[in-house]
Each structure stands twice: as C-alpha cells, then as structure tokens.
Amino acid sequence: MARVSVQHVRVVLAALVMGWSGIYGLATMGTVRDARANSVVAPLTEVTGLAHVPSTSPGFACASFAAMGTAKAGIVRSVSVHLDGYMVTYSATMAHLDGGLFAYPGPLEVSLGARRWVLPHPVDPKDEYFELIGLCAVQFAPGSHPDVLAEGFWGGAHCCVGPTLYGYAGTVGSYRVVEDLTKPGVGEGLHWDPNGGFEPEKIGGTVVLASSDGAFPYAFGCYACTPAPMRLFTVVGARLLDVTDRYPDAVRSEAKALWDGAAQQMRSPDGAGSVEGPLAAWAADECELNQGAQMWRALEQLQAQGRLTAAEKQSFGNKGPFPPQLKAFLLKNGYCRGQL
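If you're wondering where the values come from, they're calculated on a predicted model, not measured in any experiment. (Residues numbered from 1 in each chain as written. Predicted model: local features only at pLDDT ≥ 70, side-chain atom pairs only at ≥ 80, totals over all residues. Heavy atoms only, no water.)

Observations concerning the environment of Ser 57
Reasoning step 1: With respect to the helices, strands and loops of the structure, Ser 57 is situated in the loop between helix 2 (44–47) and strand 1 (59–62).
Reasoning step 2: Through-space distance from the C-alpha of Ser 57 to that of Gly 143 is 7.5 Å; in sequence the pair is 86 residues apart. (Helix = DSSP H or I, 4+ residues; strand = E, 2+ residues; numbered from the N terminus.)

Take a look at the structure:
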C-alpha cells in the first residue's frame, strides 16, 4: 500500500467506523487493510488445535472502533484483530469519557490457538482519560510473531496520541515493550508525529510504520498550511528504526508533490504567503535523497527572482528571510548535514 501523502495529519483508524455488531465479544473481527490478512478471519475457536501454517509474506491488520457514546459505565467491551492465525484482543470497562471511546487501560493479549501472551500495560492504570483509538497486528517478517501497535489518545488538538509498540522476545518467550511513547516528552530522538502516531503501510513487498516529522507543523506557517515530510519505521529486534532512506521512490514522489504544490501557490497572489511550509518539507525530502546542494541552489534562485518576497512579508511570526531560517531549522532537526 504505497501511499504517499503530503499531509502530516495521520490519525490511525480515524475513518474506520463500524456498527455495534462488530464490537461485542472476544471473537470480534477487526477491519483488515491488507489482502493477505483479509484471508485469515476465522474466530479463535476455529483455529484452536489446528497446525499453524505461517505466511510467506509480511502483512498487517488493524481493528475498527465503534463510537461508544451510548455505552453505560461499567460495561465490558472488547475488540480484536486477526493476522496469520494470531488474534490480538483488547478489553475494557466502559467509562464516561468525552467521545465515548474505549477507556485505556485494559487487558491486552495475543493468542495463537490455545497459547496466550499478556502484554504489559504502557501507562499508569489510573489514567482513565487515556482512550484507545488504534490497535494493529504487524508482521515485519513473514511467519513471525506479530508485533502489536496500540495507540491511545488524551484529547486535544495537534498532539496527544500515545503509541506503544510491542514485540515478541523469543529468548524469553514473551512480549515486551519496544517503544512506549505514551508519556509527553518521550521519543524526542524520533522524527514522528504525536498528532497522528503511526500507521502500518505496505510499500512494495515490505511493511513499514508510516508517520511524519512532528517538528514541521507551525515552524513556517499555520498548522494546516505546514505539511511534514514522511518518516518510515520498522522494528529490528527490540528497536524501532527509521528506514525512510530505504524508500527513495516514495520520498521522491512526495517531494515532487510538495514542489508542485509550492509552485502553484507561488503563481497565486492569494497563496504566495503560505509557500514556506511546503518548501520546508520539500527541502527535507530533497536532503533525504542526498540532493541538498541542488535543493539549495533552487531556493537561492527563487530568492533572487523575488518569488519568496510575499511569503517573507507574511511569514508566520515574522521570522525574516526564509532561506537562512530554513537552513538553521533543517540542520537543527538532523536534515541536510554535510550537504549545505
């Protein structure tokens, strides 16, 4: 699923809404977004006792969540997702929360036939305002125990998504936390979007966790007019790794879309003032492709032609000339080093 987006708002499962019939019971089927995962939808009772035949390709599946606004407090609800014979299940006692989604914490487990693994909880179990909004099973390697992505939400704008990624540790025969981003300030070394979290995607024959760089919104414009460059991740052992540089075609496609959008804005008197945001994300993509020197020459040419004048006059926060501000921002955030 090689989706290339120039938008940085990527809330997992925000558009996947299903009815009450899909949410009752531990054998509830999650909506799957991968062709291979769609073929493995048998309830647990149907796979118990059968030999597990592992898949030969990576894949993922994510559950759908129904709005729970009419659920009474104290009622237990469950949601589950199936992938390659495994089932990931989350259960929670409903509470009166704004938006009415699943209260988080609650028991989270992975099962394969009669085998079960209980996953450790990522946050303080007293934090009843943390709601679960995303649950995915992800196989980065074919035939492996699936990793589990659980994403919670505190409420708020342009922030507040807390992902936890679990991986199977074969040496001890249990699941452990690979990355816990549920606490503010955690994951500062990762270029990820705390507004949208992570979303599993298939690019070619591999599965990645897609996000975008949360440092870009508001840096050179309003939130809505500041796209962020894509960041792609995988899990190796017990580490979450940024592997964006392994997918140059996806980055190149996004960079072209950003440049075309910026060029269109510069041709429009009404849009020229908000061109800095798209150009900043485009510049980051170009440096990801090791094209920083060429990118900078293009910016200098735009500056010499006066194409950035309107943007600088309407600059978000009146930061002054765009190129030096952009250069400092890119280098500070780990882009273009050795290229500018």
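Some points on the state of the cysteines
Reasoning step 1: Tallied over the full model, the rule gives 2 disulfides.
Reasoning step 2: Bridging Cys 62 to Cys 136, the disulfide has an S-S length of 2.0 Å. Disulfide Cys 62-Cys 136: the torsion about the S-S bond is 110°, which places it as right-handed. Within this pair, whereas Cys 62 is found in strand 1, its partner Cys 136 is found in strand 7 (residues 131–139), the two being separated by 74 residues in sequence.
Reasoning step 3: The exposure class assigned to Cys 136 is buried, which follows from its relative accessible area of 0%.
Reasoning step 4: One disulfide bridge connects Cys 287 with Cys 336, the sulfur atoms lying 1.9 Å from each other. (Disulfide = S-S within 2.5 Å. Buried < 20%, exposed > 50% of the residue type's maximum accessible area, 1.4 Å probe, protein only.)

Thoughts on helix 7 (residues 322–332)
Reasoning step 1: Regarding helix 7, the residues found buried are Phe 322, Pro 323, Leu 326, Phe 329 and Leu 330. When helix 7 is viewed along its axis, its buried side chains cluster within an angular range of 130° and face the same direction.
Reasoning step 2: Looking one or two residues past helix 7, Gly 334 carries a phi angle of roughly 90°, positive in sign. (Arc of directions from axis to C-beta.)

Examining unusual backbone geometry
Reasoning step 1: Look at Asp 84: it is not a glycine, yet its phi comes out positive at around 55°.
Reasoning step 2: When you line up the elements, Asp 84 lands in the loop between strand 2 (76–83) and strand 3 (86–93).
Reasoning step 3: Of note, the phi angle at Tyr 218 is positive, near 75°, even though the residue is not glycine.
Reasoning step 4: When you line up the elements, Tyr 218 lands in the loop between strand 12 (206–212) and strand 13 (230–236).

Brief notes about the nonpolar core
Reasoning step 1: One finds Phe 216, Leu 279, Trp 282, Met 295, Leu 299, Leu 326 and Leu 330 to be the most contacted residues of the largest nonpolar core, which totals 28 residues.
Reasoning step 2: For this core, the secondary structure elements donating two or more residues are helix 3 (248–267), helix 4 (276–288), helix 5 (292–304) and helix 7.
Reasoning step 3: Broken down by element, the residue count for this core peaks at 7 residues, all from helix 4.
Reasoning step 4: Sequence-distant contacts of Leu 279, defined by excluding residues within four places in its chain, comprise Trp 259, Ala 262, Leu 299, Leu 302, Leu 308 and Phe 322.
Reasoning step 5: Residues Trp 117, Leu 119, Ala 137 and Val 148 belong to the second largest nonpolar core, which totals 21 residues. (Core = buried A, V, L, I, M, F, W, Y, C linked by side-chain atoms within 4.5 Å. Contact = heavy atoms within 4.5 Å.)

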